[in-house]
Amino acid sequence: MAELRELNVRISGSETIGRSHTVYTVMCSAGVNRWEVRKRFSDFVQLNAAFKAKQKITGILPPKQLFGKMSDATIKKREEGLGAYLETLLLDMLPPQVDMVRAFCQVPQSLLRQQEVSSSSSTAPAVLGGGSGSV
């Protein structure tokens, strides 16, 4: 049974949708369970704002681009920046913000139920801990 403390995330690629926006693929895993979520840059901006409202974070989102935002070089650089941002965010994250990360990563309900069962059978509360790219 995979514990959510084993949650790992990374940016694995992106797809440009027409000429309007880019969607970034976030690969998530917890133990043997793997899934991906697709997020626009604005989703990262919303996550960042929610975190900043709750705690100090050191991660910095890549800057918004007005011109050239659809170029391959810009998208690749943004992928790298978003990956670094997520890694730093997970390291900075305090336990009360775990639910924000779970929601952002769209953790499957089956894993959340496993975590609830696991934590209710132990005396210590389950807390997602950060390592590089993991929650």
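Before reading further, recall that the structure is shown in the block above.
The residue count restarts for each chain, going from 1 along the sequence in the order it is written. pLDDT decides what is reported in this predicted model: residues at 70 or higher carry local features, side-chain atom pairs at 80 or more are listed and counted, and totals for whole chains, interfaces and linings draw on all residues regardless. Note that the side-chain values use all heavy atoms of the structure and ignore hydrogens as well as water.

Engineer: Explain the packing of aromatic side chains residue by residue, including any values.
Structural biologist: Only Phe, Tyr and Trp rings are paired, with Trp represented by its six-membered ring, and only when their centres lie within 6.5 Å; those with planes under 30 degrees apart are stacked, over 60 edge-to-face, the remainder tilted. Applying the stated criterion across every chain yields a total of one aromatic pair. Consider the rings of phenylalanine 44 and phenylalanine 104, whose centres lie 5.1 Å apart with planes at 65 degrees: the pair is edge-to-face. Here phenylalanine 44 is found in helix 1 (residues 41–54), whereas its partner phenylalanine 104 is found in helix 3 (residues 98–104), with 60 residues between them in sequence. Working rule: Lys NZ or Arg CZ, within 6 Å of ring centre, within 35 degrees of ring normal, means a charge sits over the ring. For lysine 39, the ring lying beneath its charged end belongs to phenylalanine 104, and the centroid distance is 4.8 Å. For the cation-ring pair, arginine 78 lies above phenylalanine 41, with the distance from its terminal atom to the ring centre recorded as 3.7 Å. In this text, helices come from DSSP runs of H or I with a minimum length of four residues, and strands from runs of E with a minimum of two, each type numbered from the N-terminal end.

Engineer: Run through the pairing of strand 3 (residues 33–40), naming residues and quoting values.
Structural biologist: Examined bridge by bridge, strand 2 (residues 21–30) and strand 3 share eight bridges and lie antiparallel to one another. Bridge assignment links cysteine 28 to a residue of strand 3, and that residue is tryptophan 35. For two strands to be treated as a pair, DSSP must find no fewer than two bridges joining them. Between strand 2 and the antiparallel strand that follows it, strand 3, lie two residues; glycine 31 among them carries a positive phi value of about 65 degrees.

Engineer: Describe the sheet that holds strand 3, with residues and values.
Structural biologist: Reading across the sheet, the three strands line up as 1-2-3 and stay open at both edges, with antiparallel pairing between neighbours. Looking at which strands have only one partner, the edges of the open sheet turn out to be strand 1 (8–17) and strand 3. The mean inter-strand angle of the sheet, taken between neighbouring strand axes irrespective of direction, is 25 degrees. Packing against the sheet, helix 1 makes contact with strand 1, strand 2 and strand 3, and its axis sits at approximately 95 degrees to strand 3. Contact between two residues is taken to exist if any of their heavy atoms lie within 4.5 Å; hydrogens are not considered. For helices, the axis comes from a line fit to the C-alpha atoms of the stretch in contact; other axes are also lines fit to C-alpha atoms, and the angle between any two N-to-C directions lies between 0 and 180 degrees. Sheet strands in contact with helix 2 (residues 72–92) are strand 1 and strand 2, and its direction is about 155 degrees off that of strand 1.

Engineer: So what about the layout of surface pockets? Which residues, and what values?
Structural biologist: Both cavities and pockets are sets of points on a 1 Å grid over the protein atoms alone; in a cavity a 1.4 Å probe fits but cannot get out, in a pocket the set is open with protein on both sides within 12 Å along at least five of seven lines, and lining residues sit with an atom within 4 Å of a point. Grid points are joined across faces, edges and corners, and a volume is the space filled by probe spheres set on the points. Roughly 260 Å³ of volume is contained in the largest pocket. Looking at the largest pocket, it is lined by 13 residues, and the ones nearest its centre are His21, Phe41, Ser42, Lys69 and Arg78. Listed by contribution, the elements that provide at least two residues to the lining of the largest pocket are strand 2 and helix 1. The classification used treats Ala, Val, Leu, Ile, Met, Phe, Trp, Tyr, Cys and Pro as nonpolar, Asp, Glu, Lys and Arg as charged, and all other residues, Gly among them, as polar. A class-by-class count of the residues in the lining of the largest pocket yields four nonpolar, five polar and four charged.

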